[in-house]
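# Notes for the structure review
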Amino acid sequence: MCLEVRKTCRCGRQTAQFHMRDNVMTAEVIEELYCPECSGPETIDPETMLHDNGWVIKYDMDLARFLAVSKLMVDPESVRPGFIFDSGYACWLEMYPGEKEDILEERKEIMALQKEDPTRYLKEISSWNIARIERLKADGWRKAQAA
């Protein structure tokens, strides 16, 4: 079972859900979150922060290294913000914050086909999903790059 964490950004306008793969990291690893509207840090510290399409996650790297070394037996030098995010140990639950709501609206018309024309539905939903992932890659979302 994986732990799910919600974090409100610094300005309080947005909330993001995080996936914590295999419960290796704890919620406290996510020290701060900045949405695109926050007056976030002027400079991104690559030693503690990860930038993803306007969002910034600041990790408690001392805690992250301790947890990764003790639970994963990895070299402490390999535990960096990109490792934590890209390995899924503390990353967006979705491809990007708010994706779930966006998908509901986008899929509404396609879902109607499910009962009317199941064959067309399967083709449409597959095409839609492939196009959506390509769009997210083009938009620069980090999780989409690995999809």
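In the block above lies the structure referred to throughout.
Here the residue numbers are simple positions, counted from 1 along each chain's written sequence. Since the coordinates come from a predicted model, pLDDT governs what is reported: local features require at least 70, and pairs of side-chain atoms require 80 or more to be given and counted, while whole-chain, interface and lining totals use all residues. Heavy atoms throughout the structure, all of them, feed into the side-chain values; hydrogens and water do not.

## Thoughts on the environment of I125
Along the polypeptide, I125 turns up in helix α4 (residues 118-139). A sequence separation of 32 residues divides I125 from L93, and the C-alpha atoms of the two residues are 21 Å apart. Throughout, a residue-residue contact means that at least one pair of heavy atoms, one from each residue, lies within 4.5 Å. If near-sequence neighbours (up to four positions away) are discounted, I125 is found in contact with R107 and I110. Only runs of H or I of at least four residues qualify as helices and only runs of E of at least two qualify as strands under DSSP, and these elements are numbered from the N terminus.

## Quick word on the environment of K100
When you line up the elements, K100 lands in helix α3 (residues 99-116). A sequence separation of 14 residues divides K100 from Q114, and the C-alpha atoms of the two residues are 20 Å apart. Aside from chain neighbours lying at most four places away, what touches K100 is Q17 and E94.

## Describing the packing of aromatic side chains
In this analysis, rings of Phe, Tyr and Trp, with Trp reduced to its six-membered ring, are considered paired at centre separations within 6.5 Å, and the interplanar angle assigns stacked below 30 degrees, edge-to-face beyond 60, and tilted for intermediate values. Using the criterion set out here, one finds five aromatic pairs in the structure. When the centroid spacing of 5.2 Å and the interplanar angle of 40° are considered together, the rings of F18 and W92 count as tilted. Of this pair, F18 sits in strand β2 (residues 15-20) while W92 is found in strand β6 (residues 91-92), placing the two residues 74 residues apart along the sequence. The buried category is assigned to W92, whose relative accessible area is 0%. Geometrically, the ring pair formed by F85 and W92 is edge-to-face, given 5.9 Å between the ring centres and 80° between the ring planes. Classification of F85 by relative accessible area gives buried; the value is 2%. Here, a charge over a ring is recorded when the distance from Lys NZ or Arg CZ to the ring centre is within 6 Å and its angle to the ring normal is within 35 degrees. A cation over a ring is seen here: R132 above W128, with NZ or CZ 5.2 Å from the ring centre. Only protein chains enter the accessibility calculation, which uses a 1.4 Å probe. A residue is then buried if its area is under 20% of the maximum for its type, exposed if over 50%, and partly exposed in between.

## Remarks on the sheet that holds strand β4 (residues 49-52)
Pairing between strands requires that DSSP locate at least two bridges from one strand to the other. Ordered in space as β3-β5-β4, the three strands form an open sheet in which the pairing is antiparallel. In this open sheet, the two edge strands, each paired with only one partner strand, are β3 (30-34) and β4. Neighbour-to-neighbour, the strand axes of this sheet turn through a mean angle of 15°, independent of strand direction. Sheet topology places β4 next to strand β5 (residues 55-59); four bridges connect them, and they run antiparallel. Of the residues in β5, the one forming a bridge with H51 is V56. Orientation is described by lines fitted to C-alpha atoms, with helices fitted over the stretch in contact, and by angles between N-to-C directions that extend from 0 to 180 degrees.

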